[in-house]
Amino acid sequence: MSMMKLTASALAIAAVSATAATARDQVQVAGSSTVLPYASIVAEAFGENFDFPTPVVESGGSSAGLKRFCEGVGENTIDVANASRAIREKEIKACAEAGVTDIIEVRIGYDGIVFASQLNGPDYSAFEPADIYNALAPKVVVDGELVDNTFTKWTDFNADLPDEEILAFIPGTKHGTREVFEEKVLAAGCEATGALEAMVAAGMSEDDAEDACIAVRTDGKSVDIDGDYTETLASIDSNANGIGIFGLAFYENNTDKLKVATMSGVAPSTETISTGEYPVSRPLFFYVKKAHIGVIPGLKEYAEFFVSDDMAGPSGPLSEYGLVSDPELSETQSSVSEEKTMGSNM
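What counts as what
Residues numbered from 1 in each chain as written. Predicted model: local features only at pLDDT ≥ 70, side-chain atom pairs only at ≥ 80, totals over all residues. Heavy atoms only, no water. Core = buried A, V, L, I, M, F, W, Y, C linked by side-chain atoms within 4.5 Å. Buried < 20%, exposed > 50% of the residue type's maximum accessible area, 1.4 Å probe, protein only. Helix = DSSP H or I, 4+ residues; strand = E, 2+ residues; numbered from the N terminus. Contact = heavy atoms within 4.5 Å. Pairing = 2+ DSSP bridges. Phe/Tyr/Trp six-rings, centres within 6.5 Å; stacked < 30°, edge-to-face > 60°. Lys NZ or Arg CZ within 6 Å of the ring centre and 35° of its normal. Polar contact = N/O pair within 3.5 Å; in protein donor to acceptor, adjacent residues only side chain to side chain. Axes fitted to C-alpha atoms, helices over the stretch in contact; angles between N-to-C directions. Parallel < 35°, antiparallel > 145°, perpendicular 65-115°, else oblique. Nonpolar A, V, L, I, M, F, W, Y, C, P; charged D, E, K, R; others polar. Patch = residues over 30% accessible without salt bridge, like charges linked within 9 Å, V, L, I, M, F, W, Y side chains within 5 Å. Areas by Shrake-Rupley, 256 points an atom, 1.4 Å probe, with all protein chains shown as cover. Salt bridge = Lys/Arg side-chain N within 4 Å of Asp/Glu carboxyl O. Lys, Arg positive; Asp, Glu negative; His and termini not counted. Charge placed at Lys NZ, Arg CZ, Asp CG, Glu CD. Disulfide = S-S within 2.5 Å.

Caption draft 1: Representation of the nonpolar core. Phe115, Phe127, Ile132, Trp154, Phe181 and Phe246 are the most contacted members of the largest nonpolar core, which has 48 residues in total. A per-element tally of this core places helix 7 (residues 176-193) first, with five residues. In contact with Phe246, not counting residues within four places along its chain, are Gly112, Ile113, Val114, Ala116, Tyr229, Thr232, Leu233, Ile236 and Leu258. Counting residues in each nonpolar core, the second largest holds 31 residues, with Ile296, Tyr302, Leu318 and Val336 among its members.

Caption draft 2: Region of interest: the pairing of strand 3 (residues 80-83). Covered by surrounding structure in strand 3 are Val80 and Asn82 together with Ala81 and Ala83, the residues of both alternating faces. Here three bridges tie strand 1 (residues 28-31) to strand 3, and the two strands are oriented parallel to one another. Of the residues in strand 3, the one forming a bridge with Val29 is Val80. Bridge count for strand 3 against strand 13 (residues 281-289) is four bridges, and the pairing is antiparallel. Along strand 13, the bridge assignment pairs Ala83 with Phe285.

Caption draft 3: Looking closely at the packing of aromatic side chains. Evaluated as defined, the whole model comprises 19 aromatic pairs. Centroid distance Phe127 to Trp154: 5.3 Å. Interplanar angle 45°. Geometry classified as tilted. Of this pair, Phe127 sits in strand 5 (residues 126-127) while Trp154 sits in the loop between strand 7 (145-148) and strand 8 (168-171), placing them 27 residues apart in sequence. The exposure class assigned to Phe127 is buried, which follows from its relative accessible area of 2%. Members of the aromatic cluster, connected to one another through ring pairs, are Phe46, Phe50, Phe52, Phe286, Tyr302, Phe305 and Phe306. In this structure, Lys289 packs its charged tip against the face of Phe69, placed 4.9 Å from the ring centre.

Caption draft 4: Quick peek at the side chain of Arg282. Mapped onto the fold, Arg282 is located in strand 13. Within the local environment of Arg282, its side chain forms a polar contact with the side chain of Thr34, the two groups lying 3.1 Å apart. Here Arg282 is in contact with Thr34, Ser84, Gly109, Tyr110, Asp111, Ile113, Gly176, Thr177, Val180 and Tyr229, once residues within four sequence places are set aside.

Caption draft 5: Representation of helix 13 (residues 299-306) within the structure. Taking burial as the measure, the eight residues of helix 13 include seven buried ones, the bulk of the element. All of the buried residues in helix 13 are Leu299, Lys300, Glu301, Tyr302, Ala303, Phe305 and Phe306.

Caption draft 6: Molecular detail of the packing of helix 6 (residues 129-136) against helix 7. Between helix 6 and helix 7, the shortest axis-to-axis distance is 7 Å and the interhelical angle comes to 90°. Relative to helix 7, the element helix 6 lies roughly perpendicular. Taking contact as the criterion, the partners of Pro129, Ala130, Ile132, Tyr133, Asn134 and Leu136 in helix 6 are, on helix 7, Phe181, Lys184, Val185, Leu186, Ala188, Gly189, Cys190, Ala192 and Thr193. The class makeup of the residues in the contact of helix 6 with helix 7 is eleven nonpolar, three polar and one charged.

Caption draft 7: Geometry of a negative patch on the surface. Judged by side-chain charge, Glu206, Asp207, Asp208, Glu210 and Asp211 come together as a negatively charged surface patch. Considering the arrangement of structural elements, one finds Asp208 in helix 9 (residues 206-213). Asp208 gets classed as partly exposed once you look at its relative accessible area, which sits at 46%.

Caption draft 8: Focus on the state of the cysteines. Summed over all chains, the structure comprises two disulfides. Note on cysteine connectivity: Cys70 is disulfide-linked to Cys95, with sulfurs 1.9 Å apart. When the S-S torsion is -75°, as for the bridge of Cys70 with Cys95, the disulfide is left-handed. Separated by 25 residues along the polypeptide, Cys70 in the loop between helix 4 (62-69) and strand 3 and Cys95 in helix 5 (residues 89-97) bring together distant segments of the chain. By the burial criterion, Cys70 is buried, and Cys95 matches it. Put simply, Cys190 and Cys213 are joined by a disulfide, and their sulfur atoms are 2.0 Å apart. As the torsion about the S-S bond is roughly -50°, the Cys190-Cys213 disulfide counts as left-handed. Placement of Cys190 in helix 7 and of Cys213 in helix 9 is noted, with a sequence separation of 23 residues between them. Comparing Cys190 with Cys213, the two get one shared label, buried. Each bonded cysteine of the protein chain gets a number by its place in the sequence, and the pairs then read 1-2, 3-4.

Caption draft 9: Just the side chain of Asn158, in detail. Position of Asn158 relative to the elements: it lies in the loop between strand 7 and strand 8. The exposure class of Asn158 is buried, given its relative accessible area of 19%. Side chain to side chain, Asn158 and Asp131 meet in a polar contact 3.1 Å long. At 2.9 Å, the side chain of Asn158 forms a polar contact with the backbone nitrogen of Asp160.

Caption draft 10: Highlighting the environment of Gly343. Looking at the secondary structure, you find Gly343 in the segment after helix 16 (329-337). Put simply, Gly343 and Asp102 are 241 residues apart on the chain and 9.3 Å apart in space, counted from C-alpha to C-alpha.

Caption draft 11: Here's a closer look at unusual backbone geometry. Even without glycine at this site, Ser264 takes up a positive phi of about 55°. Topologically, Ser264 is positioned in the loop between strand 12 (262-263) and helix 12 (270-274). For Ser264, a relative accessible area of 34% puts it in the partly exposed group.

So this is what it looks like as structure tokens:
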């Protein structure tokens, strides 16, 4: 690694403890449960191939990881936050207020959100966003009128779906997966069913209507899962009629337990996600605290290794686990190598 000058923030780390580097010689990572398996693979391979300890990788969700990331600078704070969504402006502001001003955004590739159910359960083989909205929204359009949702079975609004009680296990609000689910499924379904138009016609502002479109009912038909995908899988195991939301990689590693539905007629796969054909996909990220580079041993090397062709390329192990390789991976590699921070033109 080339020599570099310590930034003011890096000096602040050193001021926390004269032995900061020796006190903590492991890179610390936390955040998205979707990114967790990829980060774990990279961390293990990094420990085996570099003269640095294996990084410590924890889960907890995108929002929780970014909250920890933005707590400040120093060896008592994490170095990397994994996220299945882009960092929000309010999080960037919180980071800045805590002294985390130089953030390196790293896009590792793409993942799809899939709807899956028990392998031998009901035939949930095909969904449209409108189906998910009708199943889970507090208010729906019936005979042209916006009314409280009293649907109890999937066949109440779509005769082609199984005659089963509605039960969906969806990601909790702290998961990046939830944001993509809201935007690309609930909001899309709200518009497709005419509910958005009906809300505005009833006097709601467009902003309020858009917020209402991503709300979910609270009568037990929709269940938030605050843990990782293993908790969702356990819920599906215990409820034969349930459907769950998973990342593509998790589903592909549990095809002996789950079967997946199409969305808008497209089956989720690395191919349909890479072409943009599958409608419910999103980029995955991790964020690096630049001030920790050169202070926490192996941090930059870990970041560079993560996005190397050997790991995140089309033929790398992350691809084999379900990550859709980023077509602009080489640009990401350059950004990491040059330590480009968000908003910089370095």
